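Reading the structure
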Amino acid sequence: GDLVSALSDDESKPKKPSRTFVKSEQEQMLNELAAKCATTAVGRAVARAPDVDDPFWQILPSLLSTKFPSASDEDLMRVAGMVEFSLGSRGLLEDDVIQDPWRPHEELHAYMPGLGETMPFLDPDQLDLCKQLSENYETIANEYEALLEERYDRKGNDRFQSVTSMNYDAGWKTMVLFYNGHRIKDFPYHLCPVTTRIMESVPIAGRIAGFNRQQPNSGIPLHSDGNNMWLTCQMGIKVPPVISDGSGSEAPAAHIRVGPETRHWELGKCLLYDTTYEHETFNAHPDEERVVLHIDFFNTLKMTKLEIEVLQYIYDMREQFMKAEGVQKVGAQVL
């Protein structure tokens, strides 16, 4: 009560002498909060980790308890597992991940146990996102063309970027609409309102989301992404025509392989896949580029709404914490 009164500024009430909180009282309050939060599922996960010297993880239990006061230990049990894994407890990796030859488990850097079985490609009909994208394909394709007319910003910088060195070398560039789950400052969203609205209907994850161009005769080399809490959706915007396969038959020019399965993009149709599997792409057409709308998002098929909100908060706070420490550009691998 004293703290609330000291912080309030209600002009209608008689002024009382303000109370000055000395440093020792502040430290006592923080210590009491930390002690209380140490008994939560996330607090116990942090305590089990050896030698946690990163202040972010030390204060995370208090941050979560303050932000989500009604969340129970049961609600956050899988979040606690993610935290413990991030702090080095790789023993939490489940057998189905370790034993799958198509999922390089040693490359996982963010992992939530208990999400159950997965597969390289998932049925896009499970998600309203994919339905909305396909139903609005023509509008989205037109909005992409409008963005091409405004591909250079005020400073003359091309909005298409090679987000990583791998993408640069592989002929893959992205017009980024969202970065680390956030809108891009000064981006002309007025040119793509339908695309933006549909993208924001899902919890966009902490990587890039936007229009990806794959140049002719180029491809993304074999790799995997180390986060099992995210899924990727891609819809064909421009798909190269078929080419000869060398035996007199025709075959699609552009493909993506995820694990042991190979698929091809089609105009206005979505591919939904799990990038913890090794994957690679190639556009074999000699002249035509391939363009897709690319969205990384939290796995709404397996994670609860609360888990996703908590993870979004953790990623946002982690990004702010890193920037406060002087990291000027926070990349995709926040965790």
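Below or above, wherever it landed, is the structure these notes cover. (Residues numbered from 1 in each chain as written. Predicted model: local features only at pLDDT ≥ 70, side-chain atom pairs only at ≥ 80, totals over all residues. Heavy atoms only, no water.)

Attention now moves to the packing of helix H3 (residues 41–48) against helix H5 (residues 77–86). In the contact formed by H3 and H5, the axes pass within 8 Å of each other and the chain directions differ by 20°. In this view, H3 runs roughly parallel relative to H5, as classed from their interaxial angle. The way H3 lies across H5 gives a crossing that is right-handed. Within the contact between the two elements, H3 uses Ala41, Val42, Ala45, Val46 and Arg48 and H5 uses Met77, Val79, Ala80, Val83 and Glu84. The residue inventory of the contact of H3 with H5, partitioned by class, reads 8 nonpolar, no polar and 2 charged. (Axes fitted to C-alpha atoms, helices over the stretch in contact; angles between N-to-C directions. Helix = DSSP H or I, 4+ residues; strand = E, 2+ residues; numbered from the N terminus. Parallel < 35°, antiparallel > 145°, perpendicular 65-115°, else oblique. Left-handed = near helix turned anticlockwise from the far one by under 90°. Contact = heavy atoms within 4.5 Å. Nonpolar A, V, L, I, M, F, W, Y, C, P; charged D, E, K, R; others polar.)

What follows deals with the environment of lysine 131. When you line up the elements, lysine 131 lands in helix H7 (residues 128–135). Along the primary structure lysine 131 and glycine 268 are separated by 137 residues, whereas in three dimensions their C-alpha atoms are 9.9 Å apart.

Within H7, burial applies to Leu129, Cys130 and Leu133. Buried positions in H7, seen along its axis, are confined to an arc of 95° and lie on one side of it. (Buried < 20%, exposed > 50% of the residue type's maximum accessible area, 1.4 Å probe, protein only. Arc of directions from axis to C-beta.)

Right, let's talk about the sheet that holds strand E9 (residues 254–258) for a bit. Reading across the sheet, the 3 strands line up as E10-E9-E12 and stay open at both edges, with antiparallel pairing between neighbours. Since the sheet does not close on itself, it has two edges, and those belong to strand E10 (261–263) and strand E12 (279–283), each with one partner. Strand-to-strand twist across the sheet, computed as the mean angle between neighbouring axes with direction ignored, equals 15°. By the bridge criterion, 3 bridges tie E9 to E10 in an arrangement that is antiparallel. Looking at E10, one finds that isoleucine 256 is bridged to arginine 263. (Pairing = 2+ DSSP bridges.)

This brings us to the packing of H5 against helix H11 (residues 305–324). The geometry of H5 relative to H11 is characterised by a closest axis approach of 10 Å and an angle of 30° between their N-to-C directions. Both H5 and H11 take part in a crossing whose hand is right-handed. Contact residues: H5 offers Arg78, Val79 and Met82, while H11 offers Glu307, Val310, Leu311 and Ile314. Class assignment of the residues belonging to the contact of H5 with H11 gives a composition of 5 nonpolar, no polar and 2 charged.

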